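The residues making up each chain are set out below.
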Amino acid sequence: MTRLTGSALRVTVLVGENDTWHHKPLYTEIVHRAHAAGLAGASVFRGIEGFGASSLIHTSRLLSLSEDLPVAVVVVDTEERVRAFLPQLDELVTEGLVVLDPCEVIRYAGRTPNRGETDGKGKRSS
């Protein structure tokens, strides 16, 4: 796991929920590759409405239910590590948008277990 605080680069990949890579959701493949590359973090966010290059509006509203809602995959790490990961996105994303943003990361440490609680490794705190 990468501990990251300070200047970083955020890559946001905007694709459709139904986009696939070898019969798996594309967003899943991106997250798993980011994890395998040792990047600091990745999250997937499902949109409720949007449109892209096709100009078709996809929405989650009941009367116009869509099965292909927009999905944003957000990955954050140092600029060097994110840029090294970009060739994998070139391979994966055939339709979609990749956005790079400089950002600042503040990493908060998890709370210290209270007396008698375990630390997640089975050890009790004193």
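Everything that follows concerns the structure shown earlier in this document.
Residues numbered from 1 in each chain as written. Predicted model: local features only at pLDDT ≥ 70, side-chain atom pairs only at ≥ 80, totals over all residues. Heavy atoms only, no water.

When you go through the protein residue by residue, the secondary structure sums to two helices and eight strands. Starting at the N terminus and ending at the C terminus, the protein contains elements arranged as β-β-β-α-β-β-β-β-α-β. Buried positions account for 29% of the 126 residues belonging to the protein. Here the contacts in the protein between residues at least 6 apart in sequence split such that 72% fall between residues at least 24 apart. (Helix = DSSP H or I, 4+ residues; strand = E, 2+ residues; numbered from the N terminus. Buried < 20%, exposed > 50% of the residue type's maximum accessible area, 1.4 Å probe, protein only. Contact = heavy atoms within 4.5 Å.)

Strand S7 (residues 70–77) sits mainly inside the fold: six of its eight residues count as buried. Here strand S4 (residues 41–46) runs beside S7; their pairing, made up of six bridges, is antiparallel. The residue of S7 that forms the bridge with Gly-41 is Val-76. (Pairing = 2+ DSSP bridges.)

We now examine the sheet that holds strand S8 (residues 97–105). Strand order in this open sheet of four strands is S4-S7-S1-S8, and the pairing throughout is antiparallel. Looking at the sheet topology across the chains shown, the edges are occupied by S4 and S8. Recorded for the sheet is a direction-independent mean angle of 20° between the axes of neighbouring strands. The sheet contacts of helix H1 (residues 26–36) involve strand S1 (6–16), S4 and S7, and relative to S7 the element is tilted by about 5°. (Axes fitted to C-alpha atoms, helices over the stretch in contact; angles between N-to-C directions.)

Next up on the list: H1. When we look at burial in H1, the residues that qualify are Leu-26, Glu-29, Ile-30, Arg-33 and Ala-34. One side of H1 carries all its buried residues, which in axial view fall inside an arc of 130°. The exposed set on the far side of H1, more than 90 degrees from its buried face, consists of His-32, His-35 and Ala-36. Taken together, the buried residues of H1 touch S1, strand S2 (20–21), strand S3 (24–25), S4, S7 and helix H2 (79–92). At the exit of H1 stands Gly-38, carrying a positive phi of roughly 75°. (Arc of directions from axis to C-beta.)

Once that is clear, we can look at the nonpolar core. Within the largest apolar cluster, 18 residues are counted, with the highest numbers of intra-cluster contacts made by Val-11, Val-13, Ile-30 and Leu-89. At the level of elements, S1, H1, S7 and H2 are the ones that each hand at least two residues to this core. It is H2 that provides the largest number of residues to this core, a total of five residues. Ignoring any residue separated from it by four or fewer positions in sequence, one finds Leu-89 in contact with Val-11, Val-13, Ile-30 and Val-98. (Core = buried A, V, L, I, M, F, W, Y, C linked by side-chain atoms within 4.5 Å.)

Mapped onto the elements of the fold, Gly-6 is located in strand S1. The spatial distance from the C-alpha of Gly-6 to the C-alpha of Val-105 is 5.0 Å, given a sequence separation of 99 residues. Setting aside residues up to four positions removed in sequence, Gly-6 forms contacts with Cys-103, Glu-104 and Val-105.

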